[in-house]
Amino acid sequence: MTLNLCVLTPNRIVWDSEVKEIILSTNSGQIGVLPNHAPIATAIDIGILRIRLNDQWLTMALMGGFARIGNNEITVLVNDAEKSGDIDPQEAQQTLEIAEAALRKAEGKRQTIEANLALRRARTRVEAINAIS
């Protein structure tokens, strides 16, 4: 038995196919979803989505949103999403270093909050590339 996974951003469909299992980063921790999972709706955190296709695991960086799970269908609506294979490792590492420097230089609450958010996004992209498959 499989699940139908659809990952959407405001601009595009990032993923739409059947999968065996997923592991999703929610605002309250990670959840695993197998066929016949109880119906739920949950907020998605900035984090990694792990997707199992047969014996292979793929990763995707998700930038926050919502997921609806029910009837063996998972719909994930996020601000942005990137498949790990589409992320340039050098660019992702540079972005991480820039975000770390911006956090060190941040002055005031607003700059610190924005710098922390940029750092979380950058770290997630690097983690998606480096996730053990």
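What you are looking at is a predicted structure, and each value in this text was computed from that prediction instead of being measured.

A.B. asks: Break down helix 2 (residues 108–130) for me, citing the residues and quoting the values.
C.D. replies: Over its 23 residues, helix 2 extends 33 Å from the first C-alpha to the last, a length consistent with the 33 Å expected when each residue adds 1.5 Å. Residues of helix 2 that are buried include every one of Ala115, Leu119, Ala122, Thr124, Arg125, Val126 and Ala128, and no others. Buried-residue contacts for helix 2 involve strand 5 (40–53), strand 6 (56–70), strand 8 (81–83) and helix 1 (89–105).

A.B. asks: Just give me the short version of the UniProt feature "domain: ATP synthase epsilon subunit C-terminal" (unreviewed entry) in the protein, but keep the residues and values in it.
C.D. replies: Under the UniProt annotation, the feature "domain: ATP synthase epsilon subunit C-terminal" (unreviewed entry) is placed at residues 86–129. Structurally, residues 86–129 comprises 89% helix and 0% strand, and the distance from its first C-alpha atom to its last is 9 Å.

A.B. asks: Lay out the pairing of strand 6 with the relevant residues and their values.
C.D. replies: Taken together, the 13 bridges between strand 5 and strand 6 define a ladder with antiparallel strand orientation. Paired with Ala43 across the two strands is Phe66, which belongs to strand 6. With antiparallel pairing between neighbouring strands as the criterion, strand 5 and strand 6 make up a hairpin whose turn holds 2 residues, including Asn54 at a positive phi of roughly 55°. Note that strand 6 and strand 8 share 3 bridges and pair antiparallel. Counterpart to Ala61 in the pairing with strand 8 is Glu82. Sheet topology note: the strand 6/strand 7 (residues 73–78) ladder contains 6 bridges and is antiparallel. Bridging across to strand 7, Ala67 finds its partner in Val76. Linkage of strand 6 to strand 7, two consecutive antiparallel strands, is achieved through a turn of 2 residues, within which Asn71 is found at a positive phi near 55°.

A.B. asks: Before we move on, can you summarise the UniProt feature "domain: ATP synthase F1 complex delta/epsilon subunit N-terminal" (unreviewed entry) in the protein with the specific residues and values?
C.D. replies: As recorded in UniProt, the sites labelled "domain: ATP synthase F1 complex delta/epsilon subunit N-terminal" (unreviewed entry) are residues 3–81. Structurally, residues 3–81 comprises 0% helix and 76% strand, and the distance from its first C-alpha atom to its last is 19 Å.

Thresholds, definitions, all that
The residue numbers shown here count from 1 along each chain, following its written sequence. Local features in this predicted model are restricted to residues whose pLDDT is 70 or higher, and side-chain atom pairs enter the listing and the counts only when it is 80 or higher, whereas totals over whole chains, interfaces and linings include all residues. Water and hydrogen atoms were dropped before computing side-chain values, which therefore reflect all heavy atoms in the structure. Helix and strand assignments follow DSSP, with helices taken as H or I runs no shorter than four residues and strands as E runs no shorter than two, numbered in order from the N terminus. Given a helix with a known number of residues, its expected span is that number minus one, times 1.5 Å. Exposure classes here rest on a 1.4 Å probe applied to the protein chains alone. A residue is buried below 20% of its type maximum, exposed above 50%, and partly exposed in between. Here, residues are in contact when the closest pair of their heavy atoms is within 4.5 Å. UniProt positions are given in the numbering used here, feature names are shortened, and annotations may be inferred rather than shown by experiment. In this analysis, strands are considered paired if DSSP registers two or more bridges between them.

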